[in-house]
Amino acid sequence: MSSQETEQEAAPTPRRSKITPERAQELYTAVLDMLRENGYESLTMEGVASRSRCGKSTLYRQWGSKPELVVAALHGTRRGLLPRIDTGTLAGDLREAARVIGVGSGRDTSLMLALSHAALQSPELLCALREALILPEMAAIDAMVKRGVERGEVAADNPAREFVSTQLLGVMRARPMLAGTHADETFLIRFVEGAVLPALGLDASASGS
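Residues numbered from 1 in each chain as written. Predicted model: local features only at pLDDT ≥ 70, side-chain atom pairs only at ≥ 80, totals over all residues. Heavy atoms only, no water.

Draft legend 1. View of the environment of Phe191. Position of Phe191 among the secondary structure elements: in helix H9 (residues 185-199). When the C-alpha atoms of Phe191 and Gln167 are compared, they prove to be 9.2 Å apart, with 24 residues separating the residues in sequence. If sequence neighbours within four positions are ignored, Phe191 has contacts with Gln167, Leu168, Val171 and Val196. (Helix = DSSP H or I, 4+ residues; strand = E, 2+ residues; numbered from the N terminus. Contact = heavy atoms within 4.5 Å.)

Draft legend 2. Summary view of the pattern of salt bridges. According to the stated counting rule, one finds 10 salt bridges in the structure shown. Glu37 is the salt-bridge partner of Arg51, the closest N and O atoms lying 2.8 Å from each other. Placement of Arg51 in helix H3 (residues 45-52) and of Glu37 in helix H2 (residues 21-38) is noted, with a sequence separation of 14 residues between them. Given the relative accessible area of 47%, Glu37 is considered partly exposed. With a shortest N-O distance of 3.6 Å, Arg173 and Glu137 are connected by a salt bridge. Of this pair, Arg173 sits in helix H8 (residues 164-179) while Glu137 is found in helix H7 (residues 123-150), placing the two residues 36 residues apart along the sequence. (Salt bridge = Lys/Arg side-chain N within 4 Å of Asp/Glu carboxyl O. Buried < 20%, exposed > 50% of the residue type's maximum accessible area, 1.4 Å probe, protein only.)

Draft legend 3. View of the packing of H3 against helix H4 (residues 56-63). Their axes nearest at 9 Å, the elements H3 and H4 cross at an angle of 115 degrees. Along this stretch, H3 crosses H4, giving a crossing that reads as right-handed. Only Lys56, Leu59 and Tyr60 of H4 make contact with H3, whose side of the interface consists of Met45, Glu46, Val48 and Ala49. A per-class count over the contact of H3 with H4 returns 5 nonpolar, no polar and 2 charged. (Axes fitted to C-alpha atoms, helices over the stretch in contact; angles between N-to-C directions. Left-handed = near helix turned anticlockwise from the far one by under 90°. Nonpolar A, V, L, I, M, F, W, Y, C, P; charged D, E, K, R; others polar.)

Draft legend 4. Summary view of helix H5 (residues 66-76). Where H5 is concerned, the buried positions are Lys66, Leu69, Val70, Val71, Ala72, Ala73 and Leu74. Against the buried residues of H5 lie H2, H3, H4, helix H6 (90-121) and H7.

Draft legend 5. Summary view of the nonpolar core. Leu35, Val70, Leu74, Leu115 and Leu125 are the most contacted members of the largest nonpolar core, which has 33 residues in total. Elements that contribute at least two residues to this core include exactly H2, H3, H4, H5, H6 and H7. The dominant element in this core, judged by the number of residues it contributes, is H2, at 7 residues. Excluding anything up to four places from it in sequence, Leu115 contacts Leu35, Tyr40, Val70, Leu74, Leu125 and Leu129. The next biggest cluster of nonpolar side chains, apart from the first, holds 28 residues, and it includes Ile85, Ala160, Ala183 and Leu197. (Core = buried A, V, L, I, M, F, W, Y, C linked by side-chain atoms within 4.5 Å.)

Draft legend 6. Quick look at a nonpolar patch on the surface. On the surface, Leu113, Met177 and Leu178 cluster together into a nonpolar patch covering about 390 Å² of accessible area. Among the secondary structure elements, Leu178 is positioned in helix H8. (Patch = residues over 30% accessible without salt bridge, like charges linked within 9 Å, V, L, I, M, F, W, Y side chains within 5 Å. Areas by Shrake-Rupley, 256 points an atom, 1.4 Å probe, with all protein chains shown as cover.)

Draft legend 7. Local environment of the packing of aromatic side chains. Per the stated rule, a full pass over the model turns up 2 aromatic pairs. Seen from their ring centres, Phe187 and Phe191 are 6.5 Å apart, and the 20 degrees between their planes marks the pair as stacked. Note that Phe187 and Phe191 are positioned in helix H9 at a spacing of 4 residues, about one turn of the helix. The side chain of Lys66 reaches across the aromatic face of Tyr40, ending 4.2 Å from its centre. Its guanidinium or amino end placed over the ring of Phe187, Arg175 lies 3.7 Å from that ring's centre, counting from NZ or CZ. (Phe/Tyr/Trp six-rings, centres within 6.5 Å; stacked < 30°, edge-to-face > 60°. Lys NZ or Arg CZ within 6 Å of the ring centre and 35° of its normal.)

Draft legend 8. The environment of Leu129, seen in detail. On the secondary structure map, Leu129 appears in helix H7. Residue class for Leu129 comes out buried when judged on its relative accessible area of 3%. For the pair Leu129 and Ser116, spaced 13 residues apart in the sequence, the C-alpha separation amounts to 8.5 Å. When neighbours within four sequence positions are excluded, Leu129 is seen to be in contact with Leu74, Met112, Leu115, Ala119 and Ile134.

Below is the structure:
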């Protein structure tokens, strides 16, 4: 065997650091918490490494850059609570959706505000933001309305049914700017009963289930 072959065999093979799913979730949580606290511009790989007690080189090997890490964190922390809601009535579904959204509105809205400016400058980040936080929730609410139409609770030609997800999610995003406070559970349920259900022709005073 030649000396060149020996050197080739002895040379270490670069390996990608292995990060367990549990460890990845810890890193994702740290990334999103830092985004909520200080915004996207202040987020650094060095800061994430320090916060999560992870080597900076490991972060770069695993994700390559800050945008890639943020995108991974958005995709990796989907909760998917709204698709599980099915109370048997549209009014009940929308009240429960309002409750679920309201419980997490402080954290979700803070994250949206932290990322919205940066997302306008980065198509990749905007796409991840929409796919991880916006489109799944809109699809779940639209599915609730579709079930309500199929059950005969709402007329198929009711023009308001198209805008239910926009109403519910839009007011959650807008309320911090309009009122200086998050759209909590109580507010969103009142909004559903006062604005959404009447527009759909549903009795807002009826039982939610």
